[in-house]
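Chain by chain, the residues run as shown.
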Amino acid sequence: MFQETPIFSRLVDERGDVPAQVRGEAERIRRDLARVLPQAPASSWNTPRSTQGPTAPSTAL
């Protein structure tokens, strides 16, 4: 999207393609975390946390 604008091209020339660098680092971190953390169900990432503090883990399967 921004790559077609002259100012973006100038910024890339001056500073490098920062968005691409950030995406690469984010992907590297995601891979590292996936390697060291157990896989959690995707729904647990979308569930809002309680504002009352931490709760004990559920023992139900």
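Computed from a prediction, not measured in an experiment: that's the story for all the values here.

Caption draft 1: Layout of the overall build of the protein chain. Per the secondary structure count, the protein chain includes three helices and zero strands. In the protein chain, which comprises 61 residues, the share counted as buried stands at 2%. Counting only carbon and sulfur atoms, one obtains 59% of the accessible surface of the protein chain, whose full area is about 6200 Å².

Caption draft 2: Seen up close, a nonpolar patch on the surface. Together, I29, L33, V36 and L37 make up a nonpolar patch on the protein surface, roughly 360 Å² of accessible area in all. The residue L33 is located in helix α2 (residues 18–36) in this model. Assessed through its relative accessible area of 43%, L33 is described here as partly exposed.

Caption draft 3: Spatial organisation of the pattern of salt bridges. If you walk through the whole model with that rule in mind, you get six salt bridges. One salt bridge connects R28 with E25, and the closest N-O pair in it is separated by 2.8 Å. Pair noted here: R28 and E25 are both in helix α2, with a separation of three residues, about one helical turn. When its relative accessible area of 34% is taken as the criterion, R28 is described as partly exposed. For E25, a relative accessible area of 40% corresponds to the partly exposed category.

Caption draft 4: Structural context of the confidence of the model for the protein chain. Considering every residue of the protein chain, the mean pLDDT works out to 76; 59% of them sit at 70 or more. Within the protein chain, helix α3 (residues 42–46) has the poorest average pLDDT of any element, 57, and α2 the best, 94.

Caption draft 5: Looking closely at the environment of G16. Relative to the assigned elements, G16 resides in the loop between α1 (6–15) and α2. Judged by its relative accessible area of 24%, G16 is partly exposed. If we skip the residues at most four places from it in the chain, G16 touches L11 and Q21.

Caption draft 6: Examining α1 more closely. For α1, the buried fraction is low: one of the ten residues fall into the buried class. Trailing α1 by a residue or two, G16 shows a phi angle of about 90°, which is positive.

Calculation notes
- Residues numbered from 1 in each chain as written.
- Predicted model: local features only at pLDDT ≥ 70, side-chain atom pairs only at ≥ 80, totals over all residues.
- Heavy atoms only, no water.
- Helix = DSSP H or I, 4+ residues; strand = E, 2+ residues; numbered from the N terminus.
- Buried < 20%, exposed > 50% of the residue type's maximum accessible area, 1.4 Å probe, protein only.
- Areas by Shrake-Rupley, 256 points an atom, 1.4 Å probe, with all protein chains shown as cover.
- Patch = residues over 30% accessible without salt bridge, like charges linked within 9 Å, V, L, I, M, F, W, Y side chains within 5 Å.
- Salt bridge = Lys/Arg side-chain N within 4 Å of Asp/Glu carboxyl O.
- pLDDT = per-residue confidence, 0-100.
- Contact = heavy atoms within 4.5 Å.

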